[in-house]
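Here is what each chain is made of, one letter per residue.
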Amino acid sequence: EPKRSLEPEEHEKLRTQMDDLYQRLLPSDESEGRRAQLVKKLDRLLNTEWPGNDIRVNVFGSSGNLLASSDSDVDICITTPLKKLESMHSIAMLLHKNGMEKVVCRASAKVPIVKCWDPELNLAADLNVNNPLALENTRMIKTYVQLDDRVRPLAKIIKYWTKRRILNDAAFGGTISSYTWICMIINFLQRRDPPILPSLQKKAEERKQPENGKIPQFADNLDELKSFGGANKETLPDLLFQFFRHYGYEFEYSKYVVSVKEGRLLSRQEKGWDPANHYEKEARNRLCVEEPFTLNRNLGNSADDYAWSGIHGEIRRAFELLADGCQLEKCCEEYEFP
Ligand code: CTP
Ligand code: MG
């Protein structure tokens with residue numbers, strides 16, 4: 001049976017290490033400044049090339065959800081009624097002509113994107129056009145991060161661990177995206193007893209009188225919701241330890257689906273992702289994480305059996321290193337290819 005909890009002195013040791021690491025992971029003002037400059041620069045480039053098309057440059061992902069570090073890529077969503085920009089080719093050309101490097105156009109991806117590197121600002125960017133879902137789910141993640149003071153440090157430290165162990169590159173590594181990890185973290189916090197986070201989507205449904213008659217997708221009345229997790233007294237070291245314990249040893253992957261929308265687990269049977277049903281395409285996936293707004297999308301499906309067993313092994317490795325003398329540094333040691 002894996003160790004249940006930290007001893008008081010271990011707890012203090014881990015607390016110090018987590019505080020130090022979190023301070024190092026906060027983005028510097030200088031890097032935030034460069035991010036803002038990139039947005040400005042793109043705004044100017046696009047609106048000069050195609051004036052009068054109401055082109056707006058929005059950030060999403062970690063640049064918009066309070067979970068960025070100084071070296072995070074900038075995720076950018078351009079919104080415009082000018083349909084021809086959606087194919088991304090003309091944007092790729094424009095970036096290339098204006099000094100951006102490593103411009104790559106993935107026009108056939110599920111969401112077409114252009115990747116580039118800005119050598120002046122030392123930033124990598126991913127751009128897409130007219131993808132309102134990404135803006136909306138980013139705003140919801142940000143709201144979850146703001147609800148309880150424990151979410152931001154916990155999520156940043158776990159994200160750092162996934163980066164160092166190469167567990168967060170759905171596109172190339174066959175692993176899972178940062179976004180998937182974030183959903184797993186939020187759902188873990190929704191399922192603590194007492195819960196630290198509510199389901200913001202359920203809170204929105206519960207609200208009696210929607211302003212202007214339209215029910216919002218998720219609740220964002222921070223002032224009222226801020227007290228939600230107060231009854232739970234777990235500390236950051238407790239939560240980090242329990243996160244790895246939970247996903248390393250407790251969670252029954254063959255039975256359950258992580259659902260941020262419901263704020264609980266769904267059975268794979270009720271979701272229709274039952275591993276016993278060989279005709280169902282999600283049935284084979286080892287990890288099931290429901291995208292909160294597009295419920296038939298399984299965010300876990302970028303990891304095949306092989307990738308998943310690697311990830312699961314890494315979660316257990318992290319747990320063992322914390323259980324055995326709180327070795328946070330070793331836990332986040334850069335992965336070395338054998
Ligand atoms: N996204 C999505 N569906 C996915 C992956 C990503 O909708 N399967 C969108 C989400 O809006 C997410 C954003 O793309 O917030 C960026 O995803 P990702 O880069 O994985 O997360 P970040 O928070 O940006 O983390 P990182 O700092 O590692 O880039
Ligand atoms: Mg990102």
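Residues numbered from 1 in each chain as written. Chains lettered and ligands numbered in written order. Predicted model: local features only at pLDDT ≥ 70, side-chain atom pairs only at ≥ 80, totals over all residues. Heavy atoms only, no water.

**Student:** Quick question: what am I supposed to make of the domain arrangement of the protein here?
**Tutor:** In many analyses, interface size is given as the accessible surface area lost on bringing the parts together. When the domains of the protein are assigned, the result is domain 1 (8-25 + 139-331) and domain 2 (29-134). The centre of domain 1, based on its C-alpha atoms, is set 28 Å off from the matching centre of domain 2. Contacts between the two partners involve 17 residues from domain 1 and, on the opposite side, 10 residues from domain 2. Between domain 1 and domain 2, roughly 1,100 Å² of surface is buried when both sides are summed, and carbon and sulfur atoms account for 57% of that area. On the surface where domain 1 and domain 2 come into contact, there are five residue pairs in polar contact (both at pLDDT 80 or more). For the side of domain 1 that touches domain 2, the secondary-structure elements that each account for two or more residues are helix 4 (132-147) and helix 5 (151-164). (Domains from an automatic or database assignment. Contact = heavy atoms within 4.5 Å. Buried area = accessible area lost by both parts, 1.4 Å probe. Polar contact = N/O pair within 3.5 Å; in protein donor to acceptor, adjacent residues only side chain to side chain. Helix = DSSP H or I, 4+ residues; strand = E, 2+ residues; numbered from the N terminus.)

**Student:** Whenever I open this one, the pairing of strand 4 (residues 113-118) confuses me. Can you help?
**Tutor:** Successive residues of a regular strand alternate their side chains across the two faces of the sheet. Pairing geometry for strand 3 (residues 101-106) and strand 4, over four bridges, is antiparallel. Counterpart to Glu101 in the pairing with strand 4 is Trp117. In sequence, strand 3 turns back onto strand 4 through a hairpin of six residues. For strand 4 and strand 5 (residues 123-129), the ladder comprises five bridges, and the chain directions are antiparallel. Looking at the pairing, Lys115 lines up with Asp126 of strand 5. Linking strand 4 back to strand 5 in an antiparallel pair, the connection comprises four residues, with Asn122 at a positive phi of about 55 degrees. (Pairing = 2+ DSSP bridges.)

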